[in-house]
Amino acid sequence: MNLAPVCDVPLSESDYIYERSFGLDARTSSDCVCLVVGEMKSAGIGCALKHFPGYGGSADTHKGLAYDRRSYSDFEASDFLPFEAGVAAGADAVLVSHNIVECMDAQLPASLSPEVHRILRDELGFEGVAISDDMFMDAIRQFTGGENAAVQAFLAGNDLICCGDFEQSAAAIEAAVKDGTIAEARLDASVLRVLAWKARLGLDISAK
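Residues numbered from 1 in each chain as written. Predicted model: local features only at pLDDT ≥ 70, side-chain atom pairs only at ≥ 80, totals over all residues. Heavy atoms only, no water.

Caption draft 1: Quick peek at the overall build of the chain. When its secondary structure is counted, the chain shows seven helices and five strands. Listed by position from the N terminus, the elements making up the chain come as α-β-β-α-β-β-α-β-α-α-α-α. In summary, the chain has a C-alpha radius of gyration of 16 Å against a globular reference of 17 Å for 208 residues, a match within 12%. Along the longest, intermediate and shortest principal axes, the C-alpha atoms of the chain span 45 × 40 × 30 Å. When the 208 residues of the chain are sorted by exposure, 49% land in the buried category. Taking contacts inside the chain between residues at least 6 apart in sequence as the whole, the part at least 24 apart equals 72%. (Helix = DSSP H or I, 4+ residues; strand = E, 2+ residues; numbered from the N terminus. Rg over C-alpha atoms; globule rule 2.2 N^0.38 Å. Buried < 20%, exposed > 50% of the residue type's maximum accessible area, 1.4 Å probe, protein only. Contact = heavy atoms within 4.5 Å.)

In structure tokens, the structure reads:
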């Protein structure tokens, strides 16, 4: 499994994400994403489109909070296109950024926003595995004051929580299931998405 391809469409060559992107043109990026997803799938490699809903000209969330004040129509006309192409090509997963995209949710980073995940599911028609960006990046640590955000990220709609402290996050989610904060049905839905992905990759999904 590879956390790629990068689907972001920067606004200029000076933007943080530019060096990691396919370029400034959304339609060319869409063609590249479609090709990469197809090649990865034919090679038996799981892929993850990132960083939904699109970085644009946002700052580096490894280093702090990033705000995106563009209109929703800007995303529809540009940023969503490579993700839509990747979904149509059969991408297994989508990784969600920590950018605060004000036209979608002005209060929460995308990774913690139920509304951003609703858009991914309902507007883009994605049915695969949603993955959070790393919960230990500075954007999230600043936003939460250093508190572990794994439960909030899961409740927002992520199926997998990417983080540098697996044990702490796993324990927090387990405790949230036990105390009823996370419904078992919600957990089961994520587990089934992950198992279905593993099965498509030919991995063993039998109980150990």
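Continuing now.
Caption draft 2: Geometry of the pattern of salt bridges. Scanning the model with the defined rule gives 11 salt bridges in all. In this structure, the salt-bridge partner of Arg 70 is Asp 68, at a minimum N-O distance of 2.8 Å. The same class applies to Arg 70 and to Asp 68, which are both buried. The partner of Arg 200 in a salt bridge is Asp 92, and the shortest N-O contact between them spans 3.8 Å. With a gap of 108 residues between them, Arg 200 in helix α7 (residues 184-200) and Asp 92 in the loop between α2 (72-88) and β3 (93-96) connect regions that are remote in the sequence. Within this structure, Glu 115, Arg 118, Asp 122 and Glu 123 form a network of salt bridges that share partners. (Salt bridge = Lys/Arg side-chain N within 4 Å of Asp/Glu carboxyl O.)

Caption draft 3: Highlighting the pairing of β3. Burial along β3 is two-sided: the face carrying Ala 93 and Leu 95 and the face carrying Val 94 and Val 96 are both buried. As paired strands, strand β1 (residues 48-52) and β3 are joined by four bridges and run parallel to one another. When the bridges of β3 are listed, Leu 49 appears paired with Val 94. Judged from the four bridges that link them, β3 and strand β5 (residues 129-132) form a sheet pairing that is parallel. Paired with Val 96 across the bridge in β5 is Ser 132. (Pairing = 2+ DSSP bridges.)

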